[in-house]
Amino acid sequence: MANKAQQPPHLHLAEVTASQFLDIWKHFDTDGNGYIEGKELENFFRELEMARRGAGVDPSNPTFREKMKEFMQKFDKNKDGRIEMSELAQILPTEENFLLCFRQFVSSSAEFMAAWRRYDTDRSGYIEANELKGFLSDLLEKANRHYDEQKLQEYTQTILRMFDLNGDGKLGLSEMARLLPVQENFLLKFQGVKLTSEQFNAIFMYYDKDGNGYIDEQELDALLRDLYQKNKMEVDLKNLAGYKQSIMSLSDGGKLYRGELEIVLCREPIM
């Protein structure tokens, strides 16, 4: 079995299913941190070239390095020097790429959040695995995408395999949001913030001056700007407006409660 596990899966195929896509991802993301980077990236590109050319590739060859550089310029959309799940979806040929499918019918993170909220009824930042099928079905219908029960079941099982790593039957918002295009996943912008519970409570109490347990859109704007400055991140007003809109999609009639904001700023992805 060890031999079989070391072979790069499915890269030679003309079409890749959702399940095969996940096999490829897990094969190359060896540390499970959600990115193909460093040595993983070199291995991936080498195996991809071998699968496409049907011949061996020498990573020490300058031509290999140049091709890899061109490859990253094309597919590394956020220019961070590594490949994430939504970027890999652009690289591999698929029969029905369910990741790209998400992009076609969820044109913004605000739409994704609005769909998510219908299922995360207790605002915990998770939806139960048995609700996932309905969540995906809603998104597919919104896109006017035709699908059958078997394909919906495959998508559901693949996403469960991706994100329910501890088998507790729950899926986290921050993990599911990785299905969004890089530029639309505002959660990635705040991954570097990593507020502890104490820090989050302190900043929330500061902006929730009347102590009613929620903040409004103007207060959120001030809070986000404050976070940008404290973490020395450049403020892009257009992006800031988009992030704010996405976060407010979780609000209740313009009221953003502590638990909802905590999902974005405090909870770490389950890896």
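Not measured: the values here are computed from a predicted model.

Student: Tell me about the pattern of salt bridges, residues and numbers included.
Tutor: Considering all chains together, one arrives at nine salt bridges under this definition. Measuring nitrogen to oxygen at the nearest pair gives 2.6 Å for the salt bridge that ties Arg225 to Asp221. Remark: Asp221 and Arg225 occur in helix H13 (residues 217-230); sequence separation between them is four residues, near one turn of the helix. Residue Arg225 is classed as partly exposed on the basis of its relative accessible area, which comes to 32%. Asp221 sits in the buried class, given a relative accessible area of 16%. Its salt-bridge partner being Lys244, residue Asp221 comes within 2.9 Å of it at the nearest N-O pair. Taken as a pair, Asp221 in helix H13 and Lys244 in helix H14 (residues 237-248) lie far apart in primary sequence, 23 residues in all.

Student: Give me the lowdown on the environment of Ile247, citing residues and values where you can.
Tutor: Mapped onto the fold, Ile247 is located in helix H14. With 134 residues separating them along the chain, Ile247 and Met113 place their C-alpha atoms 7.8 Å apart.

Student: Talk me through the packing of aromatic side chains; I want residue IDs and the actual numbers.
Tutor: Aromatic rings in a pair are described by how distant their centres are and how their planes are angled relative to each other. Following the criterion strictly, the structure yields ten aromatic pairs and no others. Relative to Phe71, the ring of Phe44 has its centre 6.3 Å away and its plane inclined at 50°; by these criteria the two rings are tilted. Of this pair, Phe44 sits in helix H3 (residues 39-53) while Phe71 sits in helix H4 (residues 62-75), and the two are 27 residues apart along the sequence. We classify Phe71 as buried; its relative accessible area is 6%. Between Tyr119 and Phe135, the aromatic rings sit 5.8 Å apart at their centres with planes inclined by 85°, giving edge-to-face as the arrangement. Placement of Tyr119 in helix H7 (residues 109-119) and of Phe135 in helix H8 (residues 129-142) is noted, with a sequence separation of 16 residues between them. Here Tyr119 matches Phe135 in class, with each residue buried. Each residue in the set Phe28, Phe44, Phe45, Phe64, Phe71 and Phe75 is aromatic and connected to the rest through ring pairs, giving one cluster. A cation over a ring is seen here: Arg82 above Tyr35, with NZ or CZ 3.5 Å from the ring centre. The ring of Tyr206 carries the charged tip of Lys209 above its face, separated from the ring centre by 4.0 Å.

Student: For H4, give the residues involved together with the corresponding values.
Tutor: Each α-helix turn comprises 3.6 residues. Residues three or four places apart therefore point the same way. Taking 1.5 Å as the rise per residue, H4 with 14 residues should run 20 Å; its terminal C-alpha atoms sit 20 Å apart, in good agreement. Taken as a whole, H4 has its buried residues at Phe64, Met68, Phe71, Met72 and Phe75. For H4, the angular spread of buried residues about the axis comes to 95°, placing them on one side. Counted as exposed and oriented over 90 degrees from the buried face of H4: Pro62, Lys69 and Lys74. Packing partners of the buried residues in H4 comprise H3, strand S2 (83-84) and helix H5 (85-91). Among the residues of H4, the N-terminal cap falls to Asn61, whose side-chain oxygen and the backbone nitrogen of Thr63 are separated by 2.8 Å.

Conventions used here
- Residues numbered from 1 in each chain as written.
- Predicted model: local features only at pLDDT ≥ 70, side-chain atom pairs only at ≥ 80, totals over all residues.
- Heavy atoms only, no water.
- Salt bridge = Lys/Arg side-chain N within 4 Å of Asp/Glu carboxyl O.
- Helix = DSSP H or I, 4+ residues; strand = E, 2+ residues; numbered from the N terminus.
- Buried < 20%, exposed > 50% of the residue type's maximum accessible area, 1.4 Å probe, protein only.
- Phe/Tyr/Trp six-rings, centres within 6.5 Å; stacked < 30°, edge-to-face > 60°.
- Lys NZ or Arg CZ within 6 Å of the ring centre and 35° of its normal.
- Expected span 1.5 Å × (residues − 1).
- Arc of directions from axis to C-beta.
- Contact = heavy atoms within 4.5 Å.
- Polar contact = N/O pair within 3.5 Å; in protein donor to acceptor, adjacent residues only side chain to side chain.

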